[in-house]
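Below are the chains, spelled out letter by letter.
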Amino acid sequence: MKKALAAIGFWFFVTPGLAQDTPPDTLVKNVTLEVVELITKEKGNRAKIVSVIEEKVLPHFNFTAMTALAMGQNWGKASPEQKKRLTEEFRTLLVRTYASALAAYSEQKFDFRPLRAKPTDTDVTVNVRVLQPGGQPVTLDYSMEKTANGWKVYDVMVGGVSLVANYRTEFANAVRTSGIDGLIKDLQTKNRALAEKK
Amino acid sequence: MRWLLVVTLFAAGCATVDGERDPRDPWEGTNRAIYRFNETFDEYLAKPVARAYVKVLHQEIRTRIANFFANLQDPLIGLNNFLQGKFEDGVTDLARFVINSSFGLFGIHDVASDGGIDKHDEDFGQTFGRWGMGPGPYLMLPFLSSSTARDAVGLVPGWYLDPIEEVRPINLRNSLVVLRLTNTRAELLEASRILEEAALDKYVFQRDAYLQRRRSLVYDGRPPREKLE
């Protein structure tokens, strides 16, 4: 009960801070710290972690843009219906992967780097370093774009590996062998397998 | 060698939309066979051992062990920084080694990092990359997993300069080698679990991540930005 109250309290206090004109680096910092706080409370509870991500993180991501980038040239060949389904499935997969990564979180410290961008920029990269005991810091780079609804993430680079770019070959291979519907089916199969596994 | 870099970057940029074959991975058939072998080895030996290691030893002790081996790498990391002309980084790597070996009790405590002297990630593969050599074809090495022609060549001087190889008696050396391998695999347990969940085709996902990661390392985390279209 106490936990729930604390979470609700958090929600009310932090959410107004995430207004549309929040600078991108502040946004990343606020959301990261908030999510980490919640995750630490829900240690290991996968379902809770997923719901925290759904609620706190997803609104700041532009999944259509991410899917389009991962699809590359094939995006143009997809029908609006296919685009919608691709985005949904890719989003589900990314959320699960993200939840899985967060479940491994254990008290690492964050180093939020100052934003190197002009106030007029509409496309920036926000750099965060995750410091871990006995290892090199891991870099997290959020590529963000300014939209009418505030800043939205369209790619995340972990240790120099772009998540979106990393799906490009897989997607292209799937489309080449079994078409866009084949790729949608592959993603569905994958998501279903993951849902059953946990 | 420069053309290799160009070809590879081009390949990375437009993936493989047309051809069946990925130009970055001309030996995909052989590589996949070795990958399957590695997977089996990992499934039945490396991963279970690493899991047991994590279960039996407390995190604190594992960190000490990881620090010990990491410390022994710092002189080589420093050497590679010197070879790349990054003298300031090289000096701090040597300082790390001196500080951690003494105050950190043979490296088991990473007091240098605590004091704000960051660890670097350098090796001969990266040095060759810095000198302008492209990665060449992707290589799946037995047991050692992802590499490229360039990075595989870079392993050779690394082996010659590996201090653990000099340890005698032979039994102790062998124990240290096994412990180091176990430690490395244990550190990768989380990453391999995430890979398992994230990938549609693990081989491709791991390959692309490796190539991206190495490219980023060659440029010390600041590679020329490739605009995704």
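Calculation rules
Within each chain, residue numbers correspond to sequence positions counted from 1 in written order. To read the labels, note that chains go from A and ligands from 1, taken in the order they are written. Whole-chain, interface and lining totals are the exception, using all residues; otherwise, since this is a predicted model, local features are given only for residues with pLDDT of at least 70 and side-chain atom pairs are given and counted only at 80 or more. The side-chain quantities take in all heavy atoms of the structure and omit both hydrogens and water. Orientation is described by lines fitted to C-alpha atoms, with helices fitted over the stretch in contact, and by angles between N-to-C directions that extend from 0 to 180 degrees. Only DSSP runs of H or I with at least four residues qualify as helices, and only runs of E with at least two residues qualify as strands; both kinds are numbered from the N terminus onward. With respect to orientation, any angle under 35 degrees is reported as roughly parallel, any angle over 145 as roughly antiparallel, any angle of 65 to 115 as roughly perpendicular, and every other angle as oblique. The handedness criterion is simple: a crossing whose near helix is rotated anticlockwise from the far helix by less than a right angle is left-handed, and one whose near helix is rotated clockwise is right-handed. In what follows, a contact means two residues having at least one pair of non-hydrogen atoms within 4.5 Å. Polar here means any residue other than Ala, Val, Leu, Ile, Met, Phe, Trp, Tyr, Cys and Pro, which are nonpolar, and Asp, Glu, Lys and Arg, which are charged; Gly is therefore polar. For our purposes a nonpolar core is just a set of buried Ala, Val, Leu, Ile, Met, Phe, Trp, Tyr and Cys residues, chained together by side-chain atoms within 4.5 Å. The cut-offs for exposure are 20% and 50% of the maximum accessible area for each residue type, with area from a 1.4 Å probe on protein chains only; residues under the lower value are buried, those over the upper are exposed, and the others partly exposed. Note on aromatic contacts: the rings of Phe and Tyr and the six-membered ring of Trp form a pair at centre separations within 6.5 Å, being stacked when their planes are under 30 degrees apart, edge-to-face when over 60 apart, and tilted otherwise. pLDDT is a residue-level measure of predictor confidence that goes from 0 to 100. Pairing between two strands is assigned when DSSP locates at least 2 bridges connecting them. Put simply, a salt bridge is a Lys or Arg side-chain nitrogen that is within 4 Å of an Asp or Glu carboxyl oxygen.

How should the packing of helix H9 (residues 189-198) of chain B against helix H10 (residues 202-218) of chain B be read in this particular structure?
Two packed helices can be described by the angle between their axes and the distance between those axes. Residue and element names in this part refer to chain B. Look at H9 against H10: their axes get within 9 Å of each other, and the N-to-C directions meet at 125°. Put simply, H9 runs oblique to H10. For the element pair H9 and H10, the recorded crossing hand is right-handed. Residues Leu 195, Glu 196 and Ala 198 of H9 lie in contact with H10, whose contacting residues are Lys 202, Phe 205 and Gln 206. The class makeup of the residues in the contact of H9 with H10 is three nonpolar, one polar and two charged.

Where do I start with the nonpolar core in this structure?
For soluble globular proteins, nonpolar side chains are generally found buried alongside one another. Within the largest apolar cluster, 53 residues are counted, with the highest numbers of intra-cluster contacts made by Tyr 142, Met 144 and Tyr 167 of chain A. No other element matches helix H6 (residues 163-197) of chain A, which puts 10 residues into this core. In this structure Met 144 of chain A touches Pro 24, Leu 27, Val 28, Thr 122, Asp 123, Val 124, Val 126, Trp 151, Lys 152, Val 153 and Tyr 154 of chain A, once residues within four positions along its chain are discounted. Listed in part, the eight residues of the second largest apolar core include Ala 50, Ile 65, Phe 69 and Ala 186 of chain B.

What is the right way to read the packing of aromatic side chains from this model?
Each aromatic ring pair is described using two quantities: the centre-to-centre distance and the angle formed by the ring planes. On inspection of all chains with the given rule, the structure shows 14 aromatic pairs over all chains. Among the aromatic residues, those joined into a cluster by ring pairs are Phe 90, Tyr 167 and Phe 171 of chain A together with Phe 205 of chain B.

Explain the confidence of the model for chain B to me, please; I cannot follow it from the model alone.
Reading predicted coordinates in detail is not appropriate for stretches of low pLDDT. Residue and element names in this part refer to chain B. With 89% of its residues at a pLDDT of 70 or more, chain B has an overall mean of 88. The lowest-confidence element of chain B is helix H1 (residues 2-14), averaging 42 in pLDDT; the highest-confidence one is strand E1 (residues 138-141), averaging 97. Counting contacts from residues 1-18, a segment whose pLDDT is below 50, to residues more than four positions away or on other chains yields 30 contacts.

Help me understand the sheet that holds strand E5 (residues 161-162) of chain A, please; the structure alone is not making it clear to me.
Backbone hydrogen bonds hold the strands of a sheet together, and the pairing may be parallel or antiparallel. All names here are of chain A. Across the sheet, five strands lie side by side as E1-E2-E3-E4-E5; this open sheet has antiparallel pairing. In this open sheet, the two edge strands, each paired with only one partner strand, are strand E1 (109-112) and E5. Relative to strand E3 (residues 138-147), strand E2 (residues 123-131) is paired through eight bridges, and the arrangement is antiparallel. Within E3, the residue paired with Asp 123 across the bridge is Glu 145.

What am I meant to see in the pattern of salt bridges here?
Side chains that differ in charge, positive against negative, can pair when their charged atoms come close. Residue and element names in this part refer to chain B. Within this structure, the stated rule accounts for 35 salt bridges over all chains. Across the pair Asp 22 and Arg 207 runs a salt bridge, and its minimum N-O distance is 3.1 Å. Residue Asp 22 is located in the loop between H1 and helix H2 (28-56), and its partner Arg 207 is located in helix H10; the two are separated by 185 residues in the primary sequence. Each member of the pair, Asp 22 together with Arg 207, is buried. Residues joined in a network through salt bridges with shared partners are Asp 22, Arg 24, Asp 25, Glu 28, Arg 32, Asp 201, Arg 207 and Asp 208.

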